[in-house]
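An overview of the molecular structure
Each chain, written out:
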Amino acid sequence: MHNQTEAASGQAHALRAMFAARKRVFIDLLRWDLPVLADKYEVDQFDNQQADYLILLDENGEHRASTRLLRTDAPTSCATCFRCYALAQFRAVPRHGK
């Protein structure tokens, strides 16, 4: 069984691998004009305490796939940054109490 220090180290490694992969895809490959952290990582305003991540690493600890999960009642990249690309059928989920 891993101790808390090993678990935290593994989690930090997975997050760094994911942010580095995002930089390679969105900035290096697709040439999007996005900020880069420490010349290695693509991290944006949606990478906050409310974000959850699913990260797949191989047996060598290499990043293979990942996704970020955000609450639908909070700002999301689809509703803010990419609003113009949303499908015509897309309707914002009503916020609680509104």
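Here's what I pulled together on the structure shown here. Source: prediction; values computed, not measured.

1. With respect to the overall build of the protein chain
On a plain count of helices and strands, the protein chain comes out with one helix and two strands. Mapped from its N terminus to its C terminus, the protein chain presents α and β elements in the order α-β-β. Burial analysis of the protein chain (98 residues in total) assigns 20% to the buried set. A separation of at least 24 residues holds for 34% of the contacts in the protein chain among residues at least 6 apart in sequence.

2. Focus: a nonpolar patch on the surface
Together, V25, L29, L30, W32 and L34 line one region of the surface with nonpolar side chains, adding up to about 440 Å² of accessible area. The class of L30 is partly exposed, set by a relative accessible area of 42%.

3. Quick notes on the environment of K23
Within the secondary structure layout, K23 lies in helix α1 (residues 4-29). Separated by 13 residues in sequence, K23 and V36 place their C-alpha atoms 7.4 Å apart. What K23 contacts, discounting residues up to four positions off in sequence, is D28, V36, D39, K40, Y41 and E42.

4. Some points on the pattern of salt bridges
In total, this model carries eight salt bridges according to the counting rule given. Residue D44 is joined to R22 by a salt bridge in which the shortest nitrogen-to-oxygen separation is 3.8 Å. Taken together, the residues D44 in the loop between α1 and β1 (52-57) and R22 in helix α1 connect sequence positions 22 residues apart. Look at R22 and you get buried, because its relative accessible area is 11%. Across the salt bridge formed by D47 and R22, the nearest N and O atoms sit 2.6 Å from each other.

5. Topic: the pairing of β1
Bridge count between β1 and strand β2 (residues 63-69): six bridges; the pairing is antiparallel. Looking across to β2, one finds that Y53 is bridged to R68. Linking β1 back to β2 in an antiparallel pair, the connection comprises five residues, with G61 at a positive phi of about 80°.

6. Description of the environment of L15
Mapped onto the secondary structure, L15 falls in helix α1. Separated by 40 residues in the primary sequence, L15 and I55 place their C-alpha atoms 7.8 Å from one another. The contacts of L15, once residues within four sequence positions are left out, are Y53 and I55.

Here is what the cut-offs are and how they apply
- Residues numbered from 1 in each chain as written.
- Predicted model: local features only at pLDDT ≥ 70, side-chain atom pairs only at ≥ 80, totals over all residues.
- Heavy atoms only, no water.
- Helix = DSSP H or I, 4+ residues; strand = E, 2+ residues; numbered from the N terminus.
- Buried < 20%, exposed > 50% of the residue type's maximum accessible area, 1.4 Å probe, protein only.
- Contact = heavy atoms within 4.5 Å.
- Patch = residues over 30% accessible without salt bridge, like charges linked within 9 Å, V, L, I, M, F, W, Y side chains within 5 Å.
- Areas by Shrake-Rupley, 256 points an atom, 1.4 Å probe, with all protein chains shown as cover.
- Salt bridge = Lys/Arg side-chain N within 4 Å of Asp/Glu carboxyl O.
- Pairing = 2+ DSSP bridges.

Read these as geometric descriptors, not functional statements.
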